[in-house]
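Fold and contact review
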Amino acid sequence: MAHRWTNTLTHADVTPRSAFLNRRQIMAGLAGVGLTAMARPAAAQEALEPNTWEEITSYNNFYEFGTRKDDPAKYAHTLVTEPWSVQIDGLVDRPGDYDFQDIMSEMTVEERIYRFRCVEAWSMVIPWNGFELADLLNMAGVQEGAKYVAFETAYRPDEMPGTRFPVLEWPYREGLRLDEAMHPLTIMATGIYDRPIPNQNGAPLRLVVPWKYGFKSIKSIVKITLTEDEPPTSWNMSAPHEYGFYSNVNPNVNHPRWSQASERQVGGGLFAKRIPTLMFNGYEAEVAGLYEGMDLRENY
Amino acid sequence: MSAVNQALRRIPVWAVYLLGAIPAPWLLYRALTGGLGVEPISALEHKLGELALQLLILGLAVTPLRQYLGLNLLKFRRAIGVLAFSYVTLHLLVWLFLDVQVLGQIWADIVKRPYITVGMAGFLLLVPLAVTSNNCSVRRLGPRWRKLHVLVYPAVLLGGLHYVMLAKGFQPEPLIYLSVISGLLLLRLPLSSLMTRSRRIDSA
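Keep in mind it's a predicted model, so treat the numbers as computed, not measured.

Below, the discussion takes up the overall build of chain A. Across its full length, chain A carries ten helices and twelve strands. Across the 300 residues that make up chain A, the buried fraction comes to 57%. Expressed as a percentage of contacts within chain A between residues at least 6 apart in sequence, the contacts between residues at least 24 apart total 73%.

Structural data, given as structure tokens:
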């Protein structure tokens, strides 16, 4: 099941691995002698500016560690990710606790360079490493009646200072329709830039659904349940008129408190321009079919 | 407390203006050099808004501090107010020119997004207060000056509300700000003046 999708954002869109830690200095140095143009194919130049490791790992929403963007990078180190197991239950043939290392030995990890669009109207481009969620679900054996997949983040107050206050009802919960979960774009990410995914980004494994707002891509997963009914999801429980179950990126349907028509890419500095947000975050060709006949205004 | 008040009397007002103005260039410098993180626009916007609220709260605290603790900051109240207004204005400018950017979007946001409507209303209430924060206006308006400046109460309340309304989820910080503001306003209700009749004379 792996390799069902080919990156549209190519390696040329990502800073070379050897340079990503100090891209700014290198770019500044190269720009002067006009080497940047040579380093990238012409077509990719119009593509998105990739984000650095520093950007991806220092600007996070992970409310279990605090509500400020730099809180997860500051406090997530307390989360113990070894050993780690994922309980897979519900409508599956082989329910049980799956050890993270055992999962990894079965899965094919590949690189997926995806746009990431937060519901707060900022975005990044992230080179994830991970495996298709479909492969994991097939490992557990999805039963006939299953229609939805529910996910849960670890809830450990001792390791998660942000959970001392009920910002949301813990544990954090998310869900997908089964066809969304089985879609080749949907992955479980275990790395970024070929390094193990840092705690603030959802170690040791997190969901990535690139055509949905970032909060759907639940982090540090401990439980996956196959269900017949639509599972409750954290942000929908917190503010149902603001966050629907689907939460597909849609520039035509605004958040009640702000516009979703445009976004600002993280890393552009103090004078960064807003760019238009793309339908399904740029993955319309791949996923629009999943929602055929559905009113996306109703099913936001 | 009288020793503290005596020491305070020796501090010139311009020093308070200077001290209060320092965070503005400092924040701008940090925003330009990466000190505010990888997304400096919202960080700068947020920090300026927070500073404005803190100064507004300090301004509201001047009278109760004098009344209940005997601490006299009256001399600095105008400076605190003018600084607060400056930070509200900077916060608004960052929102307009760095954050929203699209001029057509701004009016739509003000009327369509309640937290922006509320914040904007708070700002508008502060404008006449900032304009009349000078000795000449105080003389010319006479007793009406005091009446006019009662507008600061709803303005600060709207500011606190604005913060609560823009938060995602049930967050502690904005609620703490709103509670402090509400508390300082409650102290001004006639109920508490029954306990201390003399309060009326210097409350404003």
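Here the focus is the interface of chain B and chain A. At the interface, 29 residues of chain B touch 31 residues of chain A. Buried area between chain B and chain A, summed over both chains or domains, comes out near 2500 Å², and the portion from carbon and sulfur atoms is 53%. Summed over the three residues of chain B that lose the most area to chain A, namely B:Val38, B:Glu39 and B:Lys168, the buried surface amounts to 30% of that side. Where chain B touches chain A, the interface holds six salt bridges. Across the pair B:Glu39 and A:Arg264 runs a salt bridge whose closest N-O atoms are separated by 3.1 Å. At the boundary of chain B with chain A, the tally comes to 16 residue pairs in polar contact (both at pLDDT 80 or more). Of all elements in the fold, only α3 (23-33), α4 (40-69), α5 (77-100), α6 (103-112), α10 (152-166) and α11 (172-186) of chain B reach the threshold of two or more residues within the side of chain B that touches chain A. Here the side of chain B that touches chain A takes seven residues from α4(B), the largest share from any one element. Among the residues making up the side of chain B that touches chain A, the classes are represented as 15 nonpolar, six polar and eight charged.

Here we come to the sheet that holds strand β5 (residues 148-153) of chain A. All names here are of chain A. Taken together, the five strands give an open sheet; going across it, the order is β2-β1-β10-β5-β6, and neighbouring strands pair in mixed fashion. Two strands lie at the open edges of the sheet, namely β2 (96-99) and β6 (173-177), each paired on one side alone. Across the sheet, the mean angle separating the axes of adjacent strands is 20 degrees when strand polarity is ignored. In the sheet, β5 pairs with strand β10 (residues 221-227) via six bridges, with the strands oriented antiparallel. Paired with alanine 150 across the two strands is threonine 225, which belongs to β10. Across the face of the sheet, helix α7 (residues 133-140) comes into contact with β1 (85-90), β2, β5, β6 and β10 while running at roughly 70 degrees to β10.

What follows is about the environment of A:Asp97. Residues and elements named next belong to chain A. Note on placement: aspartate 97 falls in strand β2. Judged by its relative accessible area of 60%, aspartate 97 falls in the exposed class. For the pair formed by aspartate 97 and valine 86, sequence separation is eleven residues and the distance between their alpha carbons is 5.5 Å. Those residues within four positions of aspartate 97 in sequence are excluded, and the remaining contacts are Ser85, Val86 and Gln87.

Next up on the list: the nonpolar core. Counting 77 residues, the largest nonpolar core has A:Trp128, A:Leu133, A:Phe151, A:Met188, A:Leu207, A:Trp211 and A:Ile224 as the members making the most contacts within it. Examining the composition of this core, we find that five residues originate from one element, strand β4 (residues 122-132) of chain A, more than from any other. Among residues more than four places away in sequence, those in contact with A:Leu133 are A:Phe151, A:Leu176, A:Ala181, A:Thr186, A:Ile187, A:Met188 and A:Leu207. Grouped together as the second largest cluster of nonpolar side chains are 50 residues, B:Leu48, B:Phe76, B:Ala84 and B:Tyr115 included.

On to unusual backbone geometry, then. All names here are of chain A. Each neighbour pair has its own omega, and for glutamate 82 with proline 83 the value is 0 degrees, a cis peptide bond. With respect to the helices and strands, the residue proline 83 is situated in the loop between α5 (71-75) and β1. Omega for the bond connecting alanine 203 with proline 204 falls within 30 degrees of zero, at -5 degrees, which places this linkage in the cis form. Within the secondary structure, proline 204 is located in the loop between β8 (195-196) and β9 (206-208). One non-glycine residue, alanine 121, adopts positive backbone phi at about 75 degrees. Residue aspartate 194 is not a glycine yet carries a positive backbone phi of 65 degrees. As for its position among the elements, aspartate 194 is in the loop between β7 (187-192) and β8.

Our next topic: the pattern of salt bridges. With the rule as written, the count across this model stands at 20 salt bridges over all chains. In this structure, A:Arg4 and A:Glu132 form a salt bridge, with 2.6 Å as the shortest nitrogen-oxygen distance. Here A:Arg4, found in the segment before α1 (23-33), pairs with A:Glu132, found in strand β4; they are 128 residues apart in sequence, far enough to count as distant. Since its relative accessible area comes to 1%, A:Glu132 is described here as buried. A:Arg68 is the salt-bridge partner of B:Glu50, the closest N and O atoms lying 2.9 Å from each other. Of this pair, B:Glu50 sits in helix α4 while A:Arg68 sits in the loop between α4 (53-58) and α5, placing the two residues on different chains. Here B:Glu50 falls in the buried class, since its relative accessible area comes to 10%. Three or more residues joined by partner-sharing salt bridges are found here, namely A:Arg4, A:Glu110, A:Arg112 and A:Glu132.

Each value, and the rule that gives it
- Residues numbered from 1 in each chain as written.
- Chains lettered and ligands numbered in written order.
- Predicted model: local features only at pLDDT ≥ 70, side-chain atom pairs only at ≥ 80, totals over all residues.
- Heavy atoms only, no water.
- Helix = DSSP H or I, 4+ residues; strand = E, 2+ residues; numbered from the N terminus.
- Buried < 20%, exposed > 50% of the residue type's maximum accessible area, 1.4 Å probe, protein only.
- Contact = heavy atoms within 4.5 Å.
- Buried area = accessible area lost by both parts, 1.4 Å probe.
- Salt bridge = Lys/Arg side-chain N within 4 Å of Asp/Glu carboxyl O.
- Polar contact = N/O pair within 3.5 Å; in protein donor to acceptor, adjacent residues only side chain to side chain.
- Nonpolar A, V, L, I, M, F, W, Y, C, P; charged D, E, K, R; others polar.
- Pairing = 2+ DSSP bridges.
- Axes fitted to C-alpha atoms, helices over the stretch in contact; angles between N-to-C directions.
- Core = buried A, V, L, I, M, F, W, Y, C linked by side-chain atoms within 4.5 Å.

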